[in-house]
Amino acid sequence: MKEKKYWKGLEELKEDPDFIAQRDREFAEELPVEELWGSGAWKQPQSRRDFLRLMGFGVSAAAMAASCRIPVKHAIPYVIKPEEVIPGKALWYASTFVDGNDFCPVLVKVRDGRPIKIEPSTTANISAQSPYRFLFGGTSARAQASVLSLYDLTRPHFPTVQGNEVRKENQADVEQELKSKLQQISARGGNIVLVTGTILSPSTQALIRDFLKAFPGSRHVIYDAVSHAALAAAHEKWFGVYAAPGYHFEQAEVIVSLGSDFLGTWLSPTEFARQYVQNRKVSPERTQMSRHYQFEACLSLTGANADERAVLKPSQEAVAAVALYRLLRGEPAPSINARADALLSRAAADLKAHRGRSLVVSGSNDQAVQEIVAAINLMLGNYGSTLRMDLYMRAHQGNDAPVETLLRELKSGAVHALIFYGANPVYDHPRGVEFAEAIPKVELTLSLNDRIDETTVLCTYHFPDHHYLESWNDCSPYHGLYLMTQPVIWPLFRTRQAQETLMMLCGINGDFYSYMQRYWEQNIFPLQSSFTSFQAFWDNAVKEGAVEVRTTAAVRMPEAIDVSGATEAVMAAAQQANGFELYLYEKVGSGNGRYANNPWLMELPDPISKVVWDNYLCISPKLAKELQVEMDVAEQRSDLVSVTLGETTLTLPVFIQPGQEDHTVAVALGYGRTHAGRSGNNVGVNVYPWVTFNGQHRQYHASGVVISKTGKKHELAMTQTHFSFEGRDVIQETTLNRYRNNPHAGKEKKEHLKEIWAQTLYPEHPLPAIRWGMSIDLNSCIGCGACAVSCQAENNVPVVGKTEVRRIHEMTWLRIDRYYSFPSEKGFVTKEEDYDEIVDYQQVQVVFQPMLCQHCDNAPCENVCPVNATNHSSEGLNQMAYNRCIGTRYCANNCPYKVRRFNWLDYTTADVFPWNEPWKIPTLNIEDLQMHDAVTRMVLNPDVTVRTRGVMEKCSFCVQRLQEAKLEAKMQGRPLRDGDARTACQTACPTDAIQFGNLREEGSRVKKDHEDARAYYVLAELNTQPGIAYLKKVRNTTEENISAEQAQPAHG
Amino acid sequence: MTLPARAEVSAEKGQKLFKQYCASCHGITNKMVGPALKGITQKRSEKWLIEWIRNNAALRAAGDKDAIAIWEEYGRNEMPAFLSLTDDDIRSILAYVEQDAPAAAAPTGGPGAAAPAREQPTMLLYVIIAVLLAIFLTLVRANMLLRRMTAEVTGEPMPEPVPWGQRLRSPKAIAFYSLVAVGLLGFTLADSAIRLGRSKNYTPEQPINFSHELHAGILKIDCRYCHSSAEKSKVAGIPTVNTCMNCHAAVQQGRTPEGTAEIQKIYAAYENNRPIQWVKIHNLPDHVYFSHAQHVTVGKIACQTCHGPVESMKKVYQYASLSMGWCLNCHRQTEVQFQDNAYYTMFTELHEKLKKDSTLKVTAQMTGGDECQRCHY
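On a predicted model such as this, the values are computed, not experimentally measured, just so you know. Per chain, the residues get numbers from 1 upward, laid out in the order the sequence is written. To label them, take the chains in the order written and letter them from A, then take the ligands in the order written and number them from 1. Local features are withheld for residues below a pLDDT of 70 in this predicted model, meaning they are given only at 70 or higher, and side-chain atom pairs are given and counted only at 80 or more; totals for whole chains, interfaces and linings count all residues.

On to the overall build of chain B, then. Strands are runs of DSSP state E lasting at least two residues, helices are runs of H or I lasting at least four, and both sets are numbered from the N terminus onward. Looking only at helices and strands, chain B has 16 helices and one strand in total. Our radius of gyration is a C-alpha quantity, and the globule rule it is checked against amounts to 2.2 Å times the number of residues to the power 0.38. Taking 21 Å as the expected radius of gyration for a compact globule of 377 residues, we find that chain B reaches 33 Å, considerably beyond that expectation. Residue burial is a threshold on neighbouring C-beta atoms within 10 Å of the residue's own C-beta, all placed from the backbone, with 20 or more meaning buried, 12 or fewer meaning exposed, and counts in between meaning partly exposed. Looking at chain B as a whole, 20% of its 377 residues are labelled buried. By definition, residue pairs are in contact when their C-beta atoms, positioned from the backbone, come within 7 Å. Look at the contacts in chain B between residues 6 or more apart in sequence, and 72% of them connect residues 24 or more apart.

Structure below.
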């Protein structure tokens, strides 16, 4: 039987000769040996004098270096030490990451006054039954990276008037001037508009109400860059609350998503991911699993995790909603395409069988579609279980029509004062150009944004906001849940909390801390009964970072939702779609453009395309053939095409993406910033102008796109086939049915290898007490990348920039490999066949596999190191001693997992010799690096060495954390407990896919996982004896499509 | 006037009593809350002193002019009565006060003193080399003599002896010199390279001339009173100004005017809210992770093991080389708290061995203490 083939990119699937040649090379590019020989420099006879001269120079340089004085270092203690501070010991503060609509309760690790790491919050205030519990215990890549934004030198350093610094001594005057101008405008009946993003903070909402009262004639416009207003509007119409419901994927046994990327970018993805996997984890005790159907136009992170997936055009997502509605009612449904139709009827049957335990979600921003989806959920009795309107969501309050009204007013000169707070419409509104033209004409413009962004540069006054790690704030993402943000560092620059500027303007004395405390005392304290004194309540809230108040909102539950009007509107709109369709999406890392200046997120490979530092036009392989555009992976460049929609023509590189609908193209929003900061400027193309407005809400898809070749090429940094396994068998998967019948299926494969394992020339490593090990559940891993960013933050892993990534020089210790395969109905294909003829690239399946150092007991890297810089510890760690490494790179060449990273250049600027400074190296874009100035370096973890040029590095299993855990146990004189030592990737993971612990400890979680029926070792046949076991992926498909486990082992 | 030495009177006893009862307000040579006491026995009679010390209030009440004058002079600060002190006790205190030096222990340390006792083996080495060289030369001489004698016997012609001057300038000799020179140079280079960055005996000037000899040696303040984080953290911690102020709020006078001037620096730092910039002596390279807590709290290693006799250092210097070899040597030899700490229960095989052989020493090395990633990560 033929084996199922897994591949990372089309070039790997088709075994493109150029790609193979490139893959097989030791180095991504030829070493410049030929160049040197060719230059003749080596051919010239070397005279004895030259030799002596060089010798002399060398000796004197060495002598000079040796006679250098050791620099005097100072140890500067506090004058008066705060009681809780112990130098060298981390302090942990509960806080909440809030940035726009992103929120995540976190713990902030503070070392010697510097916040250096974000960890998920664990609080006693949220019970195991709490409906909000899945918000806790996991983080997103964005939350992980937020600590780097704090130290961003391109944050504003002081307030400005017309771009000029307001000096400290003048600030009071400037404030007075601003205040009186505003009062004058208000007094003469002028129009004052406060434009903000969604305000999650209840105290700030109260403050804004105070502000509006203080300035009669002012109003508040909530503007979200990426709008989900239709969802809120649909619920307002039928339930009476302008809000999205609280979703509870953990209750759902059948999930149908119509273009909603709820695991990646939709509403509260980290929380949803945590909910979602509750029903996805299988074990011998629990052989139940939810079934997830996804209907979408381009392959999203959510689609990649779905059990069943069908592609359709973006305009057909609405039709799919109608079809599902009608199928559930037993009516004839409109047809979309064969696969989608079949899947829709299967989904409908499944939904019917799981009333009250199912969930249908849609990513559409069309109110009609959202009404139909709400009707479906209501019909299925899901409201109250998988959707909670009584615990509705408070994020995404933005509404689209008022923003259009504001723009009209701005253009007609009807607005006299304009204040921005957390809103950047010049960049992210489709008519940003018109905003840019109108803003300078407004009499008074004030920006409270935390960046000097596209909108702020056009404003007269700028009072920059703090970073969230410098501020007091609160956050209420759901009805009944209050989170606390507390400052963990003194403000780095002369910024001020935006709320305090507003307080100054409306004449409220004191700081925002006391305002917030007053608000909590009056509004939140009375809602609870655990505390009788406010001080005790407040102290507890600050310590725990979260307060849950058990109240439910009063909402009216409709009997039924009449969708006749909505259906007609939807069907009519779908009819109008013509030609190629365009789909605009957000990236899991960089989002709507807010994080454009965060190099950790910009260098985090997109979970699906694995491209960094760019946005691009995703097209299907079939369309690429039609358009005759190419993408050359070996050379890492692709064709530039010019894309026209309406009046806007933009030039974008193409990226050929399997899993995409054949006549749909997709581009990520959030790129092409011009005032993001040093590393985010001019990266990619701004496609916000392609967002359309349908009279009610902004739409993120459109039809009638015209694409033409430009004949030019664009260099893309594509990491998908870097560190290729060269077709070796590294993935195992099964289906739920097979798993139920035989959980051990595939076990034989390991048994027969045990004989081989015994045959080794090398002595066994003694393991006196501990064998650190890890397990990674491929069924839980959704590929979000939080672990990768967490690893980068914990281990001082440098950012290298786009040019270096193109040379396969990225430094990430942990990468997430994304593999495609074809489902069985198309049969198994071998390399001899012409794929384009027989397979449908739209129907690819995806598996994510986090790949990091496997800490092999029989490590191939250890044996080849000539200087013993990498060797084995008595705890099973494959140790790397950086200062012993001489950079032969033999270890990297011998590592079958390709997880070793070499410092080709001085990415960390650790080298003190000025001629080695990175800005002198043409291929290094210093703006991309994050460790080259004293402020940004404050983010470094002081417990981990910063590696310099010429040194190999790799995952250490967070050895600093292991040492700390052991020390803690020793100091307390107790045995090490399971869960004491947790790696950075493990703690960051929102789905608990990664487990870590001692394999020699009886009953440890990781030992259990290693003995699980699903456990397998990657490339076990090489007898490397890895310390990481992967748990096979299980798909809950209705089709039988796996044969990998039945097939003979490839190397058997 | 010198006090007669009596059986019950001794300066030693006086020192104890002085510390116990007087030192918080009186210095010997310096004015504190009360006057400096040096020379007091010349100024006042022994009888008066005894009465004053035992109960000065009574003396004043009796109308003693001197007593009232002193009381006025020192701002009517009440000196407590010491009714429990016997006459001999008081005489002992006075005897101690009149001693010249304030009974400091003779300095035992100093940078030079820390030079290791390695000289002996080196000397022995030289002697052995000299003896071997002598034997070698004798043998060469004997060999030559024997050869000449055989030549005489057999009648073979003896080669013309080459003059020493010519021999020393022969190509062979030059090659030999070069070899020696290269060897020496190479050794020096390697040796200096290894020493690069090591700073044993480093004794920098500190912003405050703080004496560990006084604080740790004489006053016997526990190291961890000031370096409190040594028990909990990787760093031992330099005491913050408020730690100094715990004592120096009361102890305002040094034993010498210089000492008082040094103490003033603490107040300056405290009042101006400016931290004191101490010079760091023990510097480990950035790629070394060292935890004091591990060694002090878990390993129960005395501070002196690595830092040397700090209690006798007027000026602190780096006692140990802090080289990797020095670290490893200790890790190979030092026993861990294996039986006492429940953490080590998981070393089951070692416990089994220990059951069979109770003399077994479990060293840090046996629990992995000599591996790269214990210190380098």
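All names here are of chain A. Here the domain parsing of chain A yields domain 1 (88-204 + 216-228 + 394-429 + 441-544), domain 2 (246-388), domain 3 (579-718) and domain 4 (728-760 + 774-782 + 815-851 + 993-1052). Residue ranges for the domains originate in an automatic or database domain assignment. A separation of 34 Å is found between the C-alpha centroids of domain 1 and domain 2. Counting from both sides, the interface comprises 13 residues of domain 1 and, opposite them, twelve residues of domain 2. Taken together, the residues that form the side of domain 1 that touches domain 2 break down as six nonpolar, seven polar and no charged. When residues are grouped by polarity, Ala, Val, Leu, Ile, Met, Phe, Trp, Tyr, Cys and Pro land in nonpolar, Asp, Glu, Lys and Arg in charged, and all others, Gly among them, in polar.

Interface extent is often summarised as the accessible area lost during association of the parts. Domain assignment breaks chain B into domain 1 (11-98), domain 2 (119-158), domain 3 (165-196) and domain 4 (335-377). Each of domain 3 of chain B and domain 4 of chain B has a C-alpha centre, and the two are 47 Å apart.

Glancing now at unusual backbone geometry. Trans peptide bonds make up most of the peptide bonds, and negative phi angles are found at most residues other than glycine. If you check the backbone angles, Gln636 of chain A has positive phi at about 55 degrees while not being a glycine. Secondary-structure assignment places Gln636 of chain A in the loop between strand E24 (631-632) and strand E25 (637-645). Positive phi outside glycine occurs at Asn201 of chain B, with the angle close to 70 degrees. Summarising the element assignment, Asn201 of chain B is placed in the loop between helix H8 (171-195) and helix H9 (212-218). For Asn201 of chain B, a count of 14 C-beta atoms within 10 Å translates into the label partly exposed.

To continue, consider the sheet that holds strand E4 (residues 114-120) of chain A. Residue and element names in this part refer to chain A. Sheet architecture is open: three strands sit in the order E2-E3-E4, paired in antiparallel fashion. Unpaired on one side and paired on the other, strand E2 (90-99) and E4 mark the two borders of the sheet. Neighbour-to-neighbour, the strand axes of this sheet turn through a mean angle of 35 degrees, independent of strand direction. Taken together, the ten bridges between E2 and strand E3 (residues 102-111) define a ladder with antiparallel strand orientation. By the bridge assignment, Ser95 is partnered in E3 with Val106. Each axis is a line fitted through C-alpha atoms, taken for helices only over the stretch in contact, and angles between the N-to-C directions span 0 to 180 degrees. The sheet contacts of helix H5 (residues 141-150) involve E2, E3 and E4, and relative to E4 the element is tilted by about 170 degrees. The pairing criterion is simple: DSSP has to find at least two bridges between the two strands.

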